[in-house]
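Fold and contact review
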Amino acid sequence: MELLRPSSLDALELASDKLPLAGGTELVPQLRDGLIEARTLVDVLDLLPRGIDGTRIGAATTLAELEASDGIPAALREAARLAASPQLRGMGTVGGNLLQSTRCWYWRLKFPCRLHGGDRCHAAEGEHREHAIFANDFCASAHPSDIAAALVALGATLRTDRRELPVAGLYRLPTEDDRRTTTLDPGELILELDVPEADASVYLKAMDRKRWAFPIVGVAAARHGDRKTVALAGVAPIPWLLDGSVDDATPLPGTAYKVEIAGALVRRALAAVA
Ligand SMILES: Cc1cc2nc3c(=O)[nH]c(=O)nc-3n(C[C@H](O)[C@H](O)[C@H](O)COP(=O)(O)OP(=O)(O)OC[C@H]3O[C@@H](n4cnc5c(N)ncnc54)[C@H](O)[C@@H]3O)c2cc1C
Ligand code: SF4
């Protein structure tokens, strides 16, 4: 494997076997565990925009920088603060966070499940207490990003080297014909985010430990004028924009407890932004 350090974004050429490396906290373990293969890594950390400028956030901004910023909506700051460990927040970038893979243990252990192109969801048939309560009929994985849920609730948009899109549009539910969970094309690079100011916003997170744990359920709520938007982490294969009630959930036997937690957190979050 080779590591390239191009001098500018213009000199950058990415492809499906030539992957961008930012903080490496997700990519390096996946390469080590043989979950993905790459001939070439391209270090983009110093090439991508970094830092916060008004509503714009560079893709190379770390979670630690978000956590320490007064200039971003509270939901995003709190989602960053509650994610991972201080060391991981110091290395992990917001761009990489949005593109992290599922923590489903069957997927991480390389079971030949549907997300790996197979024809079974081992979690639905097996151990699934951390899995999804919405959109879980094909793949029951639960999206692990606190940051993504906050950005979806805040109505943030992304700029890549090819297009602009809402953060919600970065994600897709996997299907029989297309197992991907994002809409990013091979070689497409996230450059920056635009996060509109909110009149009020909050992020609440239920986790197994008080610190350094993925969301069992994360709830982000944002209010712009009279309009309130709620998005959840840890409840569906993608960050979940709540369009209706938590009671519409279709939990698996082992995830029914999450419906109650989600309902309580949504009520609290809506009260907090009222
Ligand atoms: C033990 C552990 C606990 C964690 N806990 C949490 C948690 O509680 N909540 C949470 O939200 N997250 C959690 N995370 C995830 C962590 O926040 C991410 O690993 C980190 O943010 C990824 O950023 P990175 O810069 O290291 O990405 P990298 O590892 O460098 O990249 C990740 C992926 O994104 C691609 N990529 C990176 N940047 C770009 C870009 N700009 N454009 C296109 N592709 C890009 C890479 O090619 C790779 O596929 C945890 C991670 C670990 C290891
Ligand atoms: S939940 Fe998704 S990733 Fe996990 S075993 Fe089922 S298909 Fe695979």
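The preceding data block contains the structure.
From a predicted model like this one, the values you see are computed outputs, not experimental measurements.

**A look at the overall build of the protein**
Each helix and strand in the protein was counted, giving nine helices and 12 strands. Its C-alpha atoms give the protein a radius of gyration of 18 Å, within 12% of the compact-globule value 19 Å for 274 residues. By principal-axis analysis of the C-alpha atoms, the protein measures approximately 50 × 45 × 30 Å. The burial tally for the protein puts 53% of its 274 residues in the buried class. For the protein, long-range pairs separated by at least 24 residues make up 64% of all intrachain contacts whose partners lie at least 6 apart in sequence.

**A short note on the packing of helix 3 (residues 74-81) against helix 8 (residues 146-154)**
Relative to each other, helix 3 and helix 8 sit at 175°, their axes nearing to 8 Å. Comparing their axes, helix 8 and helix 3 come out roughly antiparallel. When helix 3 is examined against helix 8, the residues Ala 75, Leu 76, Ala 79 and Ala 80 are found in contact with a partner set consisting of Asp 146, Ile 147, Ala 150, Leu 151 and Leu 154. Residue classes in the contact of helix 3 with helix 8 are distributed as eight nonpolar, no polar and one charged.

**With respect to the site of ligand 1**
Not every one of the 31 residues close to ligand 1 is listed here, only the nearest: Pro 20, Thr 25, Leu 27, Thr 93 and Asp 146. Within the side chain of Thr 25, one N or O atom sits 2.7 Å away from an oxygen atom of ligand 1. The contact in question runs from an oxygen atom of ligand 1 to an N or O atom on the backbone of Ala 84, over 3.1 Å. Here ligand 1, which alone exposes 980 Å², has 92% of that area covered by the protein. If you list the elements that add at least two residues to the shell around ligand 1, you get strand 2 (18-21) and helix 5 (94-98). Here the shell around ligand 1 is built from residues that sort into 18 nonpolar, nine polar and four charged.

**A short note on the sheet that holds strand 2**
The strands that make up a sheet pair up through hydrogen bonds in the backbone, lying either parallel or antiparallel. Taken together, the three strands give an open sheet; going across it, the order is 1-3-2, and neighbouring strands pair in parallel fashion. Each edge of the open sheet is held by one strand with a lone partner, namely strand 1 (2-4) and strand 2. In this sheet, adjacent strand axes meet at a mean angle of 30° when their direction is disregarded.

**A short note on the environment of Leu 63**
Following the sequence through the fold, Leu 63 ends up in helix 2 (residues 63-67). Its relative accessible area of 5% is what places Leu 63 among the buried residues. Residues Leu 63 and Ala 150, spaced 87 residues apart in sequence, show a C-alpha to C-alpha distance of 13 Å. Residues within four places of Leu 63 in sequence aside, it is in contact with Ala 80, Ala 83, Arg 89, Gly 92, Thr 93, Val 94, Asn 97 and Ile 147.

**Topic: the nonpolar core**
In terms of nonpolar packing, the biggest core is built from 71 residues, with Leu 76, Leu 98, Ile 147, Leu 151, Leu 193 and Leu 232 touching the most fellow members. Looking at this core element by element, the count peaks at eight residues for helix 8. Those residues in contact with Leu 98, other than ones at most four positions away along the chain, are His 143, Ser 145, Ile 147, Ala 148, Leu 151, Leu 158, Leu 170, Tyr 171 and Leu 193. Formed by 12 residues, the second largest nonpolar core is a distinct cluster that contains Leu 35, Cys 113, Cys 121 and Ala 140.

**Quick look at the site of ligand 2**
Near ligand 2 lie 13 residues; those nearest to it are Cys 104, Cys 113, Cys 121, Cys 139 and Ser 141. Placement of ligand 2 is best described as lying within the largest cavity. Taken together, the elements giving at least two residues each to the shell around ligand 2 come down to helix 6 (105-108) and helix 7 (122-125). Of the residues that constitute the shell around ligand 2, the class distribution is nine nonpolar, three polar and one charged.

Calculation notes
- Residues numbered from 1 in each chain as written.
- Chains lettered and ligands numbered in written order.
- Predicted model: local features only at pLDDT ≥ 70, side-chain atom pairs only at ≥ 80, totals over all residues.
- Heavy atoms only, no water.
- Helix = DSSP H or I, 4+ residues; strand = E, 2+ residues; numbered from the N terminus.
- Rg over C-alpha atoms; globule rule 2.2 N^0.38 Å.
- Buried < 20%, exposed > 50% of the residue type's maximum accessible area, 1.4 Å probe, protein only.
- Contact = heavy atoms within 4.5 Å.
- Axes fitted to C-alpha atoms, helices over the stretch in contact; angles between N-to-C directions.
- Parallel < 35°, antiparallel > 145°, perpendicular 65-115°, else oblique.
- Nonpolar A, V, L, I, M, F, W, Y, C, P; charged D, E, K, R; others polar.
- Near = heavy atom within 4 Å.
- Polar contact = N/O pair within 3.5 Å; in protein donor to acceptor, adjacent residues only side chain to side chain.
- Areas by Shrake-Rupley, 256 points an atom, 1.4 Å probe, with all protein chains shown as cover.
- Pairing = 2+ DSSP bridges.
- Core = buried A, V, L, I, M, F, W, Y, C linked by side-chain atoms within 4.5 Å.
- 1 Å grid on protein atoms, 1.4 Å probe; cavity = no way out; pocket = protein on both sides within 12 Å on 5 of 7 lines; lining within 4 Å.
- Sits in = over half its atoms within 2 Å of the grid points.

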